[in-house]
Amino acid sequence: MSEFDQPQLSVLFTAEQIQARIRALGAAITADYAGRSPLLVVVLKGAVPFAADLVRTIDLAVTMDFIAVSSYGASTKSSGEVRLLKDLDASLREQEVIIVEDIVDTGLTLSYLLDMFRRRGAASVRVAALLDKPERRQREVHVTYVGFTIPNEFVVGFGLDYAERYRNLPYVAILNPSL
Ligand code: PRP
Ligand code: MN
Ligand code: MG
């Protein structure tokens with residue numbers, strides 16, 4: 001997709017910048033979990049590109065599982081409601097879980113998942129997020145591995161969508177709200 005085809009986008013983080021941050025996060029996870037086998041829980045759909053790149057930078061015997069929740073409809077505003085659309089395949093009991101997210105915005109999605117995974121008996125639960133938008137937070141959530149902290153702008157690309165579009169962009173861009 002060329003910039004010419006996407007005039008309403010202004011690039012915030014390039015593909016190269018994103019890959020460099022992901023390598024650093026993967027190295028930190030590899031060091032922090034040395035000798036252990038964490039379970040990466042990928043939150044569909046937005047976290048898929050980030051998770052696919054992150055997992056390949058982690059030098060540990062990790063496993064992966066997938067969960068789908070949704071807090072937004074086809075809107076740039078959160079509905080404030082989290083729905084479980086697809087559950088994990090396996091039990092979390094005794095597992096060291098790393099939740100992989102593309103963005104932490106209000107924190108509603110993450111606080112829902114953190115509560116649920118702790119109730120299910122996970123040994124530990126941490127979060128890796130490509131983007132953190134702290135200005136919008138409604139729930140206090142701790143994100144251990146953050147790619148980039150961003151201002152309160154609506155961003156798309158690298159998994160993040162607007163009405164299901166733009167997930168395939170290899171960069172993160174601000175979507176111009178006037179178009
Ligand atoms: C987006 C994003 C996070 C969540 C963050 O997912 O991928 O999962 O919202 O927002 P919050 O902190 O305000 O809860 P969305 O619900 O749009 O589903 P998607 O990943 O399928 O796009
Ligand atoms: Mn999501
Ligand atoms: Mg979405």
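Residues numbered from 1 in each chain as written. Chains lettered and ligands numbered in written order. Predicted model: local features only at pLDDT ≥ 70, side-chain atom pairs only at ≥ 80, totals over all residues.

**Q** Teacher, can you tell me more about the overall build of the chain here?
**A** A count of helices and strands for the chain gives three helices and nine strands. Listing every helix and strand of the chain by position from the N terminus yields β-α-β-α-β-β-β-α-β-β-β-β. A separation threshold of at least 6 residues defines the contact pool for the chain, and within that pool the share at least 24 residues apart is 66%. (Helix = DSSP H or I, 4+ residues; strand = E, 2+ residues; numbered from the N terminus. Contact = placed C-beta atoms within 7 Å.)

**Q** So what exactly am I meant to see when it comes to the site of ligand 1 here?
**A** In the vicinity of ligand 1, 18 residues are found, and the nearest of them are Lys 45, Gly 46, Asp 105, Thr 106 and Thr 109. Among the elements of the structure, strand S2 (39-44), strand S5 (96-104) and helix H3 (108-119) are those that each provide at least two residues to the shell around ligand 1. The dominant element in the shell around ligand 1, judged by the number of residues it contributes, is S5, at four residues. Grouping the amino acids of the shell around ligand 1 by side-chain chemistry returns six nonpolar, seven polar and five charged. (Near = placed C-beta within 6 Å. Nonpolar A, V, L, I, M, F, W, Y, C, P; charged D, E, K, R; others polar.)

**Q** Could you clarify how one ought to interpret the nonpolar core in this entry?
**A** The nonpolar side chains of a soluble globular protein tend to be buried with one another. Of all hydrophobic cores here, the largest spans 45 residues; its most connected members are Val 41, Val 97, Ile 99, Val 100, Ala 128, Val 155 and Val 172. Setting aside its immediate chain neighbours within four residues, Ala 128 contacts Leu 25, Ile 29, Leu 54, Ile 98, Val 100, Thr 144 and Tyr 145. (Core = buried A, V, L, I, M, F, W, Y, C linked by C-beta atoms within 7 Å. Buried ≥ 20, exposed ≤ 12 C-beta atoms within 10 Å, placed from the backbone.)

**Q** Help me understand the environment of Ser 91, please; the structure alone is not making it clear to me.
**A** Mapped onto the elements of the fold, Ser 91 is located in the loop between strand S4 (83-86) and S5. Here Ser 91 falls in the exposed class, since 11 other C-beta atoms lie within 10 Å of it. Sequence separation between Ser 91 and Thr 149 is 58 residues, and the spatial gap between their C-alpha atoms is 32 Å.

**Q** What am I meant to see in the sheet that holds strand S8 (residues 155-156) here?
**A** For sheets, the rule is that strands pair by backbone hydrogen bonds, running either parallel or antiparallel. Reading across from one edge, S1-S9-S8 is the order of the three strands in this open sheet, with antiparallel pairing throughout. Lying at the two open borders of the sheet, with one neighbouring strand each, are strand S1 (9-13) and S8. Two elements, S8 and strand S9 (residues 172-175), share two bridges in a ladder whose sense is antiparallel. In the sheet register, Val 155 faces S9, and the bridge partner there is Ile 174. (Pairing = 2+ DSSP bridges.)

**Q** Sorry, what's going on with helix H2 (residues 48-55) here?
**A** Helical periodicity: at 3.6 residues per turn, an α-helix aligns residues three or four positions apart in one direction. The set of residues buried in H2 consists of Pro 49, Phe 50, Ala 51 and Leu 54. Against the buried residues of H2 lie helix H1 (15-32), S2, S5 and strand S6 (124-132).

**Q** Would you mind showing me how to read the environment of Val 156 here?
**A** Structurally, Val 156 is set in strand S8. The class for Val 156 is buried, based on 23 C-beta atoms found within 10 Å. Sequence spacing of Val 156 and Ile 18 is 138 residues, and the spatial spacing of their C-alpha atoms is 13 Å. Excluding anything up to four places from it in sequence, Val 156 contacts Asp 161, Tyr 162, Tyr 166, Leu 169, Ala 173 and Leu 175.

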